[in-house]
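Architecture and fold: a report
Residues per chain are reported as follows:
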Amino acid sequence: MAERGVLREGLRAYRLIAGMWVRSSMAYRTSFVVTVFGNLTVTGLDFVGILLMFSQVDSLGGWSLPEVAFLYGLSVTSFGIADLVLGSMDVLGARMRDGSFDTLLVRPWPVLAQVGADRFALRRLGRITQGAVVLGWALVSVDVGWSVSKVLLVPVTVVSGAAIFSAVFVAGAAFQIYAQDAAEVQNAFTYGGTTLLQYPPTVFGKDLVRGVTFMVPLAFVNWVPAAYVLGRPYPLGLPPWTAFASPLVAVACCALAGAAWRTGLRSYRSTGS
């Protein structure tokens, strides 16, 4: 019951803080629209790069353009949701260095909710929109014999992928409590991870694929479930049932990230400034 109470308080605090930032951004609607459009354009350049590659080749690692677009759409949409919800976690190190993190500790709200909702930016909807558009195009373009299980797996994969990326954001923030200047390390696994997943696993070495499958299980964001949907070989010869393991992996990642966050928070020592 106590944990449910903390969860409710956290969600309420997140909603109030995020709402404050939304109202602030909507005070200048023209600026907001321009910012969202700019964000949409910048993130879209990633896929433009893929299109330029396919203007010179017929396949990438044996994958066609619609298949790569499917990977891209799953990765970018999932990451965009996590970035919208918890994208401000990477500034935690700066907060600890300037002493402003201490103010969050004395407020009667869960610290994770405060950090996650801090500087909530609706402009990040541009990334989600762009990823969803590419995913939609890929779904109607790939040569797949659709079944009920494959259709249902797509939204489940997007939600699970968002949860996995969210766990990486939280784990990275927990690491920053110790390092206090590790935003780039966190970004390597978040922004770097989504860029990596935009390409098929066949273009990478097996050691790297093992790392993002068993150490930081980003492969379950799209590579593994996409193998089932597209009828492709599973990375590292994983068994077929792993295509449906993304929700379980997401739950495990969130549990581990939550434990890391609580441990890091207990070990935090104020800067004294």
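Within an unreviewed UniProt entry, the label attached to the chain reads ABC transporter permease, and the organism entered is Streptomyces indiaensis.

1. Focus on the nonpolar core
Core analysis: the largest hydrophobic core is formed by 63 residues, its most contacted members being F70 and W261. The element best represented in this core is helix α8 (residues 148–179), accounting for 12 residues. Here F70 is in contact with L135, A138, L139, V142, V154, A226, V229 and L230, once residues within four sequence places are set aside. With 12 residues, the next largest nonpolar core counts A13, L84, A117 and I128 among its residues.

2. Topic: helix α11 (residues 223–230)
Counting buried positions over the eight residues of α11 gives seven, a clear majority of the element. What α11 keeps buried is the set W223, V224, P225, A226, A227, V229 and L230. Of the residues flanking the end of α11, it is G231, one or two places downstream, whose phi is positive at about 70°.

3. Considerations on the pattern of salt bridges
According to the stated counting rule, one finds four salt bridges in the structure shown. Residue R232 is joined to E67 by a salt bridge in which the shortest nitrogen-to-oxygen separation is 2.8 Å. Here R232 is found in the loop between α11 and α12 (246–267), whereas its partner E67 is found in helix α3 (residues 65–86), with 165 residues between them in sequence. Under the relative-accessibility criterion, R232 is labelled partly exposed at 23%. With relative accessibility at 13%, the residue E67 sits in the buried group.

4. Here's the deal with the state of the cysteines
Taken as a whole and assessed by the stated rule, the structure comprises zero disulfides. Free cysteine: C254, not disulfide-bonded; nearest cysteine sulfur from C253 at 7.0 Å.

5. Side note on the UniProt feature "transmembrane region" (unreviewed entry) in the chain
Cross-referencing UniProt, the feature "transmembrane region" (unreviewed entry) maps to residues 32–57, 69–87, 128–146, 152–175, 208–229 and 241–261 in the present numbering. Measuring from the first to the last C-alpha atom of residues 128–146 gives 24 Å, for a span that is 74% helix and 0% strand.

6. Details of the environment of V57
Of note, V57 is situated in the loop between α2 (29–54) and α3. Considered as a pair, V57 and V170 are 113 residues apart in the sequence and their alpha carbons are 39 Å apart.

7. Some details on the side chain of T213
Note on placement: T213 falls in helix α10 (residues 206–215). Among the residues examined, T213 registers a relative accessible area of 3% and is labelled buried. Setting aside residues up to four positions removed in sequence, T213 forms contacts with A219, F220, L236 and L238.

8. Quick notes on the packing of α3 against helix α7 (residues 125–141)
For the pair α3 and α7, the least separation of the axes is 7 Å and the interaxial angle reads 155°. By the angle class used here, α3 and α7 are roughly antiparallel. Seen along the crossing, α3 lies across α7 with a hand that is left-handed. Along the lines of polarity and charge, the residues of the contact of α3 with α7 split into 18 nonpolar, six polar and two charged.

Conventions adopted
- Residues numbered from 1 in each chain as written.
- Predicted model: local features only at pLDDT ≥ 70, side-chain atom pairs only at ≥ 80, totals over all residues.
- Heavy atoms only, no water.
- Core = buried A, V, L, I, M, F, W, Y, C linked by side-chain atoms within 4.5 Å.
- Buried < 20%, exposed > 50% of the residue type's maximum accessible area, 1.4 Å probe, protein only.
- Helix = DSSP H or I, 4+ residues; strand = E, 2+ residues; numbered from the N terminus.
- Contact = heavy atoms within 4.5 Å.
- Salt bridge = Lys/Arg side-chain N within 4 Å of Asp/Glu carboxyl O.
- Disulfide = S-S within 2.5 Å.
- UniProt positions renumbered as here; feature names shortened; annotations may be inferred.
- Axes fitted to C-alpha atoms, helices over the stretch in contact; angles between N-to-C directions.
- Parallel < 35°, antiparallel > 145°, perpendicular 65-115°, else oblique.
- Left-handed = near helix turned anticlockwise from the far one by under 90°.
- Nonpolar A, V, L, I, M, F, W, Y, C, P; charged D, E, K, R; others polar.

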